[in-house]
Amino acid sequence: VQLQASGGGLVQAGGSLTLSCAASGTTLNINVIGWYRQTPGKQREMVAEISRGGTTSFADSVKGRFTISRDNAKNTIYLQMKSLKPEDTAVYYCNAGEVVGDLEYRYWGQGTLVTVSS
């Protein structure tokens, strides 16, 4: 599984930005896909995920502001971010999980930087 993230950039506080993550390779076994983010000195944290069945989960800090969606035909997920805050500034990583037999694998895309100016 390869993940290609895009869409990061500089935005003012209160603005919006949409990230995209295109999955390629053997994607049939992916059971969950989503976004994590990381700032210097902090652990990577889950931002939003969507399961194969369409169930979504969000970090408390982004609930009501971020939306995750997917286009199955394009093997692409989107993270729509609204009402952005300076504390949303981070490198955002696309992540996919798959279960093959009894084993679980996690795949990471390259990060895309989101900078929210105050």
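Here, every reference points to the structure presented above.
In what follows, the accompanying structure is described. Owing to the predicted nature of the structure, the values given are computational and were not obtained by experimental measurement.

1. Observations regarding the side chain of Glu98
Relative to the assigned elements, Glu98 resides in strand β9 (residues 90-100). Although Glu98 is buried, it forms no salt bridge, and the closest oppositely charged side chain is Arg52 at an N-O distance of 7.3 Å. Only 2.7 Å separates the side chain of Glu98 from the side chain of Tyr107, close enough to count as a polar contact.

2. Digging into the packing of aromatic side chains
Taken as a whole and assessed by the stated rule, the structure comprises two aromatic pairs. Each ring, one from Tyr36 and one from Trp108, has its centre 5.1 Å from the other, and the planes form 75°; the classification is edge-to-face. With a gap of 72 residues between them, Tyr36 in strand β4 (residues 30-38) and Trp108 in strand β10 (residues 103-108) connect regions that are remote in the sequence. On the basis of relative accessibility, which here comes to 16%, the residue Tyr36 falls in the buried class. With a relative accessible area of 40%, Trp108 lands in the partly exposed category. Considering the side-chain rings of Tyr93 and Trp108, the 6.4 Å spacing of their centres and the 90° angle between planes classify their relative orientation as edge-to-face. In this pair, Tyr93 is assigned in strand β9 and Trp108 in strand β10, connecting sequence segments 15 residues apart. The class for Tyr93 is buried, based on a relative accessible area of 16%. Among the aromatic residues, those joined into a cluster by ring pairs are Tyr36, Tyr93 and Trp108. When the ring centre of Tyr93 is taken as origin, the NZ or CZ atom of Arg44, which lies over that ring, is 3.7 Å away.

3. Quick word on the pattern of salt bridges
What the rule picks out here adds up to six salt bridges. A salt bridge links Arg106 to Glu49, with the shortest nitrogen-to-oxygen separation between them at 3.4 Å. In this pair, Arg106 sits in strand β10 while Glu49 sits in strand β5 (residues 45-51), placing the two residues 57 residues apart along the sequence. The partly exposed category is assigned to Arg106, whose relative accessible area is 37%. Between Asp60 and Lys63 there is a salt bridge whose closest N-O contact spans 3.1 Å. Note on Asp60: relative accessible area 65%, which makes it exposed.

The rules behind each value
- Residues numbered from 1 in each chain as written.
- Predicted model: local features only at pLDDT ≥ 70, side-chain atom pairs only at ≥ 80, totals over all residues.
- Heavy atoms only, no water.
- Helix = DSSP H or I, 4+ residues; strand = E, 2+ residues; numbered from the N terminus.
- Buried < 20%, exposed > 50% of the residue type's maximum accessible area, 1.4 Å probe, protein only.
- Lys, Arg positive; Asp, Glu negative; His and termini not counted.
- Salt bridge = Lys/Arg side-chain N within 4 Å of Asp/Glu carboxyl O.
- Polar contact = N/O pair within 3.5 Å; in protein donor to acceptor, adjacent residues only side chain to side chain.
- Phe/Tyr/Trp six-rings, centres within 6.5 Å; stacked < 30°, edge-to-face > 60°.
- Lys NZ or Arg CZ within 6 Å of the ring centre and 35° of its normal.

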